[in-house]
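Listed here are the chains, written in short residue letters.
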Amino acid sequence: MSYPLSTDNRLSKIVQDMQVKYGCHTIILYGSRARGEPNNTSDYDIIAIREKGDFLRDCKMYDNFYLDAFIYSEEAIKNPDISLVRIKDGVVILQKESIGDILLKEIKNIFDKGSPKTAAWEKHEIITWTQKMLQRAKVNDIEGNFRLHWLLHDLLECYFKMRDNWYLGPKESFRWLKANDPAAHAAFETALKSNACFSDVEKLIYHVTEIEKNENVVNEKT
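Residues numbered from 1 in each chain as written. Predicted model: local features only at pLDDT ≥ 70, side-chain atom pairs only at ≥ 80, totals over all residues. Heavy atoms only, no water.

Notes on the environment of Gln-95
For step 1, the next point in the chain: Tracing the chain through its elements places Gln-95 in the loop between strand E5 (91-94) and helix H2 (99-112).
For step 2, the next point in the chain: The spacing of Gln-95 and Arg-50 is 45 residues in sequence and 10.0 Å in space, taken between C-alpha atoms.
For step 3, the next point in the chain: Residues contacting Gln-95, with those up to four places away along its chain left out, are His-25, Thr-26, Gly-100 and Asp-101.
For step 4, the next point in the chain: Here Ile-99 takes part through its backbone nitrogen, which lies 3.5 Å from a polar atom of the side chain of Gln-95.
For step 5, the next point in the chain: Within the local environment of Gln-95, its side chain forms a polar contact with the backbone nitrogen of Gly-100, the two atoms lying 3.1 Å apart. (Helix = DSSP H or I, 4+ residues; strand = E, 2+ residues; numbered from the N terminus. Contact = heavy atoms within 4.5 Å. Polar contact = N/O pair within 3.5 Å; in protein donor to acceptor, adjacent residues only side chain to side chain.)

Here it is, written out as structure tokens:
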């Protein structure tokens, strides 16, 4: 897969800046732009590699778009781990000696092996935490409102942890839910509306934690 660098002047400038400012010799674009599905607000998500130097993150507004660049040394990416799974669909824009191609191949192998399994105790903790947060949110004071937003934010990742699946961020996750679990997608859509009530959030929690299906997990700890 290739990215039409010649038609994206903004990305061309980003690549030049990474080379001049940080001495990067390999650039990988990932995220919605690499997948060919950007919208008018999509970020430029970049992995940049240089010969040596400390890890850096350069995130800023760039020509009215958000740039989020992670800058690694060659040594730092020699043995990639699951923290880089997010770049699995990345596209090499610039590279030295096939470093970008090799990295993406290694990341794809990690992804294909499947997400690490979530321990039974952690699933139990997720179930307990969601119930606790909902009860505290119902107090409806400033802390309760904060906890409600916290809960709604974390429930998406909790959904995938409960099922031992990769969590790849909101855009990919909601798309996956719409195709594979429309009931859960609908529950998220309802609970995330500004006029949602606590019963909507409670229904979402049941979809996320599958409490009935996980009674054995709870019973192991009681």
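Notes on unusual backbone geometry
Glycine aside, a negative phi is what most residues show, and trans is what most peptide bonds show.
For step 1, the next point in the chain: A positive phi angle, near 70°, is found at Asn-64, a position not held by glycine.
For step 2, the next point in the chain: Of note, Asn-64 is situated in the loop between strand E3 (56-62) and strand E4 (65-73).
For step 3, the next point in the chain: In this model, Ser-98 sits at a positive phi of 65°, which is unusual for a non-glycine residue.
For step 4, the next point in the chain: You can call Ser-98 partly exposed: its relative accessible area is 36%. (Buried < 20%, exposed > 50% of the residue type's maximum accessible area, 1.4 Å probe, protein only.)

Remarks on the nonpolar core
For step 1, the next point in the chain: Membership of the largest hydrophobic core comes to 24 residues, with the highest contact counts inside it found for Leu-151, Leu-155, Leu-177, Phe-188, Val-201, Leu-204 and Val-208.
For step 2, the next point in the chain: When contributions to this core are tallied by element, the ones reaching two or more residues are helix H3 (120-137), helix H4 (142-162), helix H6 (182-191) and helix H7 (198-209).
For step 3, the next point in the chain: Those residues within four positions of Leu-177 in sequence are excluded, and the remaining contacts are Leu-156, Tyr-159, Phe-160, Pro-182, Ala-184, His-185 and Phe-188. (Core = buried A, V, L, I, M, F, W, Y, C linked by side-chain atoms within 4.5 Å.)

Some thoughts on the environment of Leu-152
For step 1, the next point in the chain: Within the element layout of this structure, Leu-152 appears in helix H4.
For step 2, the next point in the chain: Placed 22 residues apart in sequence, Leu-152 and Thr-130 show a C-alpha to C-alpha distance of 9.5 Å.
For step 3, the next point in the chain: Residue contacts for Leu-152: discarding those within four places in its chain leaves Ala-191, Leu-192, Val-201 and Leu-204.

Remarks on the sheet that holds strand E1 (residues 24-30)
For step 1, the next point in the chain: Spatially, the 5 strands line up as an open sheet ordered E3-E4-E2-E1-E5, and their pairing is mixed. Edge positions in the sheet fall to E3 and E5, since each has one partner strand and no second. With direction set aside, neighbouring strand axes in the sheet form an average angle of 25°.
For step 2, the next point in the chain: Relative to E4, strand E2 (residues 44-50) is paired through 7 bridges, and the arrangement is parallel. Directly across from Ala-48, in E4, lies its bridge partner Ile-71. (Pairing = 2+ DSSP bridges. Axes fitted to C-alpha atoms, helices over the stretch in contact; angles between N-to-C directions.)

Some words on the packing of H4 against H7
For step 1, the next point in the chain: At a minimum axis distance of 9 Å, the contact between H4 and H7 shows a crossing angle of 20°. As judged from the angle between their axes, H4 and H7 are roughly parallel. Along this stretch, H4 crosses H7, giving a crossing that reads as left-handed. Taken together, the residues of H7 that come into contact with H4 (itself represented by Leu-148, Leu-151, Leu-152, Leu-155, Cys-158, Tyr-159 and Met-162) are Phe-198, Val-201, Leu-204, Ile-205, His-207, Val-208 and Thr-209.
For step 2, the next point in the chain: Taken together, the residues of the contact of H4 with H7 break down into 12 nonpolar, 2 polar and no charged. (Parallel < 35°, antiparallel > 145°, perpendicular 65-115°, else oblique. Left-handed = near helix turned anticlockwise from the far one by under 90°. Nonpolar A, V, L, I, M, F, W, Y, C, P; charged D, E, K, R; others polar.)

Looking at H3
For step 1, the next point in the chain: Along its 18 residues, H3 runs 26 Å from first to last C-alpha, staying within 8% of the 26 Å computed at 1.5 Å per residue.
For step 2, the next point in the chain: Buried within H3 are the following residues: Lys-123, His-124, Ile-126, Ile-127, Trp-129, Thr-130, Met-133, Leu-134 and Ala-137. (Expected span 1.5 Å × (residues − 1).)

Topic: the pattern of salt bridges
For step 1, the next point in the chain: Taken as a whole, this structure holds 17 salt bridges when the rule is applied.
For step 2, the next point in the chain: A salt bridge links Lys-96 to Glu-74; the nearest nitrogen and oxygen atoms lie 3.0 Å apart. Of the two residues, Lys-96 sits in the loop between E5 and H2 while Glu-74 sits in the loop between E4 and E5, which places them 22 residues apart along the sequence.
For step 3, the next point in the chain: The class of Lys-96 is partly exposed, set by a relative accessible area of 27%.
For step 4, the next point in the chain: Note that Lys-88 is salt-bridged to Asp-89, the shortest N-O span being 2.7 Å. (Salt bridge = Lys/Arg side-chain N within 4 Å of Asp/Glu carboxyl O.)

Remarks on the pairing of E2
For step 1, the next point in the chain: Among the 7 residues of E2, 7 are classified as buried, and the element is accordingly described as predominantly covered.
For step 2, the next point in the chain: Neither face of E2 is open: one carries Tyr-44, Ile-46, Ala-48 and Arg-50, the other Asp-45, Ile-47 and Ile-49, and all of them are buried.
For step 3, the next point in the chain: Strand direction decides the pairing type here: E1 and E2, joined by 6 bridges, are antiparallel. Pairing of Cys-24 across the sheet is with Arg-50, part of E2.

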